[in-house]
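Read off the chains here:
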Amino acid sequence: MHVALSCRHFIAQERKDFGIGTRRETDGQGGRATVLPQTGVGAPDARTNGPILRTDTPNAASRPTPSPPSIQLNPTFVPIPSIPTSLLPLSAAAMASTASAASPLTCHHLGVRLRPHLPSFSLRRRSTSPKPISLSHSHSHSLPKPLTLSPAAAGRRLLPPIAAAPTSTPAPASPPAKPALQGAAIKPLLASIATGVIIWLIPAPAGVARNAWQLLAVFLATIVGIITQPLPLGAVALLGLGAAVLTRTLTFAAAFSAFGDPIPWLIALAFFFARGFIKTGLGNRVAYAFVSAFGGSTLGLGYSLVFAEAFLAPAIPSVSARAGGIFLPLVKSLCEACGSRTDDGTERKLGSWLMLTCFQTSVISSAMFLTAMAANPLAANLTASTIGEGIGWTLWAKAAIVPGLLSLVLVPLVLYVIYPPEVKSSPDAPRLAKEKLATMGPMSKEEKIMGGTLLLTVGLWIFGGMLSVDAVSAAILGLSVLLITGVVTWKECLAESVAWDTLTWFAALIAMAGYLNKYGLIAWFSETVVKFVGGLGLSWQLSFGVLVLLYFYSHYFFASGAAHIGAMFTAFLSVSSALGTPPLFAAMVLSFLSNLMGGLTHYGIGSAPVFYGAGYVPLAQWWGYGFVISVVNIIIWLGAGGFWWKMIGLW
């Protein structure tokens, strides 16, 4: 530490000595000096508000009155070493022990304020030697320019030592603890492995190829791992693909073939759109507009989203694009605007119910229109090739409109009862939303770019068939606009870990489910079921009911509606017709259920990974409530729908 003392003039007249505990100071104009009482070291000065220095002279009366000193101060910064208190004179050591608690020191004669907590030093008095006093280090190195006093000042009292603030030597820092390894949860991992090993060791049934049975073992082990989650979903799916490759059940190209499928990429692109939708503030603007119109109650807000999605369903043939590109960003913005987030324990406030409601109703709207889901035309084509009678757009909509509207009304209400949001009524929400909209002001440039890009993408989703532009190509074009304009950056896309995780596990399941069909396992399963039901000797109504349940709940083995329709639709339609079920009636029921069964799992339809990936609903609850709503939908569509289909002459 360095101490700098600088002084231009020093005028003092000392007429008599004074003892310890007194102070002498001039009036600054060369006037008469005054002796003031002093009670101790560091007592405050009334004018400077700092401590008053006192002499450490033991007996002031025993020494002669010195002549007026002539002090020359060198204004050079002088490094002052810290001298241990034990080496100071007795009186200086006493002062050093108390100086650290004092307020800033003021040398009134010099007109210089000395800062506190300076290193300890002392100026020793030499009354007999004319040799100047120099202040030097106790170490061997020299000072640049020592502070020097004239010989006349050698006998007068000097500044007392200024003690440094006591400093404690910090204890050596202990080395940082190594972070604990965050590996897999052992019990869920063992359950997944045990499932695969047991099925692997069971002999394959007659008519089933060995590689198909082994792939089934790997697939079911992966499903158990996805349910129990010993690792994140993407990691579990990657382990499943690795096991299939290591056991030579699948080749590497076959295992990773679904990464070239457009549906997983469309889902990932939907998350990137959601990032731009929220980042620009457009999502909040639209969310506040919805809240201002329908936000008086949580149920009203949910219904507004449900029917808005159903209104767009016939125009957007991809449920993945519809759910991920439009409604996921909107629903996420609504949740965050209402204070429901995934990282602070407020998921149940609104987000859990709203996400699950929007997902379950998306499969209903997909079932209501021929053009609402990409696999619906496949079902219509298979119907025409199997029974020689096709299903047109009007007939599909006419048959589905009544049970579909009932489901759209009842499913949100059922979830509202069995999985209620914590906030059910918010009468002030519309007013607050309007205030927020007023605060946001006009749309920013980024919001306008985001809105225009969204309109372009949705327009291509609606009219892309006429331009030979598929849904994924339209989404890539929209993302390209956002990247070029800087609305969304590539770093932000890379940071969307949920998008990449969803892409990984969804593509893995599509690949394994696809090869189960290619290896003949699904065909064997269909034939076995058909023979079993046909041999029961039931009426066509009961036989068809059994077939419907088997067709519906076998969707746990499928990661897309198109794969399920392609694998089992024709076989079940043929058996149903052979058992006496009206062919067109059977075809339409199987077609509707091919959409509704997507609500069972978080991978069963294109909208499932989108809404599940938002993180508001735990996996166990997602599957549990998915099963409950599947029962509700079956009752509505086969019950009320059956009466409606009777009225319009389908059976």
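The structure under discussion appears in the preceding block.
In what follows, the accompanying structure is described. (Residues numbered from 1 in each chain as written. Predicted model: local features only at pLDDT ≥ 70, side-chain atom pairs only at ≥ 80, totals over all residues. Heavy atoms only, no water.)

**Points about the overall build of the protein**
On a plain count of helices and strands, the protein comes out with 23 helices and 6 strands. Among the 651 residues that make up the protein, the fraction classed as buried is 46%. Of the contacts formed within the protein by residues at least 6 apart in sequence, a portion of 75% connects residues at least 24 apart. With an accessible surface of roughly 30100 Å², the protein has 65% of that area assigned to carbon and sulfur atoms. (Helix = DSSP H or I, 4+ residues; strand = E, 2+ residues; numbered from the N terminus. Buried < 20%, exposed > 50% of the residue type's maximum accessible area, 1.4 Å probe, protein only. Contact = heavy atoms within 4.5 Å. Areas by Shrake-Rupley, 256 points an atom, 1.4 Å probe, with all protein chains shown as cover.)

**Focus: helix H2 (residues 186–201)**
Along its 16 residues, H2 runs 22 Å from first to last C-alpha, staying within 8% of the 22 Å computed at 1.5 Å per residue. What H2 keeps buried is the set Ser-192, Gly-196 and Ile-199. The buried residues of H2 occupy an angular sector of 75° when the element is viewed end-on, so they sit on one face. Facing away from the buried side of H2 by more than 90 degrees, the exposed set consists of Ile-186, Lys-187, Leu-190, Ile-198 and Leu-201. Elements in contact with the buried residues of H2: helix H3 (210–228). (Expected span 1.5 Å × (residues − 1). Arc of directions from axis to C-beta.)

**Side note on the pattern of salt bridges**
According to the stated counting rule, one finds 3 salt bridges in the structure shown. With its nearest N and O atoms 2.8 Å apart, the salt bridge here joins Arg-275 to Glu-496. Of this pair, Arg-275 sits in helix H6 (residues 262–279) while Glu-496 sits in the loop between helix H16 (490–495) and helix H17 (497–518), and the two are 221 residues apart along the sequence. For Glu-496, a relative accessible area of 10% puts it in the buried group. For the salt bridge of Lys-279 with Glu-492, the shortest nitrogen-to-oxygen distance reads 3.0 Å. Here Lys-279, found in helix H6, pairs with Glu-492, found in helix H16; they are 213 residues apart in sequence, far enough to count as distant. (Salt bridge = Lys/Arg side-chain N within 4 Å of Asp/Glu carboxyl O.)

**Regarding the layout of surface pockets**
Its volume calculated, the second largest pocket comes out at about 630 Å³. Secondary-structure elements contributing two or more residues to the lining of the second largest pocket are H6, helix H9 (319–337), helix H14 (445–467), helix H15 (471–485), H17 and helix H20 (561–578). When residues of the lining of the second largest pocket are assigned to their parent elements, the largest contribution, 6 residues, is made by H17. Residue classes in the lining of the second largest pocket are distributed as 21 nonpolar, 10 polar and 3 charged. (1 Å grid on protein atoms, 1.4 Å probe; cavity = no way out; pocket = protein on both sides within 12 Å on 5 of 7 lines; lining within 4 Å. Points joined across faces, edges and corners; volume = space filled by probe spheres on them. Nonpolar A, V, L, I, M, F, W, Y, C, P; charged D, E, K, R; others polar.)

**Section: the packing of helix H7 (residues 282–294) against helix H8 (residues 298–312)**
Angle between the axes and distance between the axes are the two parameters that describe a pair of packed helices. One can describe the packing of H7 onto H8 by two numbers: an axis separation of 9 Å at closest approach and a directional angle of 120°. As summarised for this structure, H7 and H8 are arranged oblique, according to the angle between their axes. In this structure, the crossing between H7 and H8 has a hand that is right-handed. Together, Phe-290, Val-291 and Phe-294 of H7 and Gly-300, Leu-301, Ser-304 and Leu-305 of H8 make up the contact between the two elements. Across the contact of H7 with H8, the residue classes tally to 5 nonpolar, 2 polar and no charged. (Axes fitted to C-alpha atoms, helices over the stretch in contact; angles between N-to-C directions. Parallel < 35°, antiparallel > 145°, perpendicular 65-115°, else oblique. Left-handed = near helix turned anticlockwise from the far one by under 90°.)

**What to know about the side chain of Asn-376**
Here Asn-376 is to be found in helix H11 (residues 376–387). For Asn-376, the residues in contact, after removing those within four places along its chain, are Ser-366, Phe-369, Leu-370, Trp-396 and Asn-595.

**A few points about the nonpolar core**
The nonpolar side chains of a soluble globular protein tend to be buried, and buried together. Ranked by size, the top nonpolar core spans 159 residues in total, and within it Leu-334, Trp-461, Leu-509, Phe-611 and Trp-637 carry the most contacts. With 13 residues, the top contributor of residues to this core is H17. (Core = buried A, V, L, I, M, F, W, Y, C linked by side-chain atoms within 4.5 Å.)

**Topic: the packing of aromatic side chains**
The full count for this structure, using the stated rule, is 23 aromatic pairs. With a centroid separation of 5.6 Å and an interplanar angle of 45°, the aromatic rings of Tyr-553 and Phe-627 are classed as tilted. Here the residue Tyr-553 occupies a position in helix H19 (residues 540–553), and Phe-627 occupies one in helix H23 (residues 619–647), the gap between them amounting to 74 residues. Taking relative accessible area as the criterion, Tyr-553 reaches 22% and is therefore assigned partly exposed. Aromatic side chains Phe-592 and Trp-637 sit 5.3 Å apart centroid to centroid with 55° between the ring planes, which places their arrangement in the tilted category. Of the two residues, Phe-592 is situated in helix H21 (residues 583–596) and Trp-637 in helix H23; the sequence distance between them amounts to 45 residues. When the ring centre of Tyr-416 is taken as reference, the NZ or CZ atom of Lys-424 above it lies at 5.6 Å. Its end group placed over the ring of Tyr-515, Lys-518 keeps NZ or CZ at 4.6 Å from the ring centre. (Phe/Tyr/Trp six-rings, centres within 6.5 Å; stacked < 30°, edge-to-face > 60°. Lys NZ or Arg CZ within 6 Å of the ring centre and 35° of its normal.)

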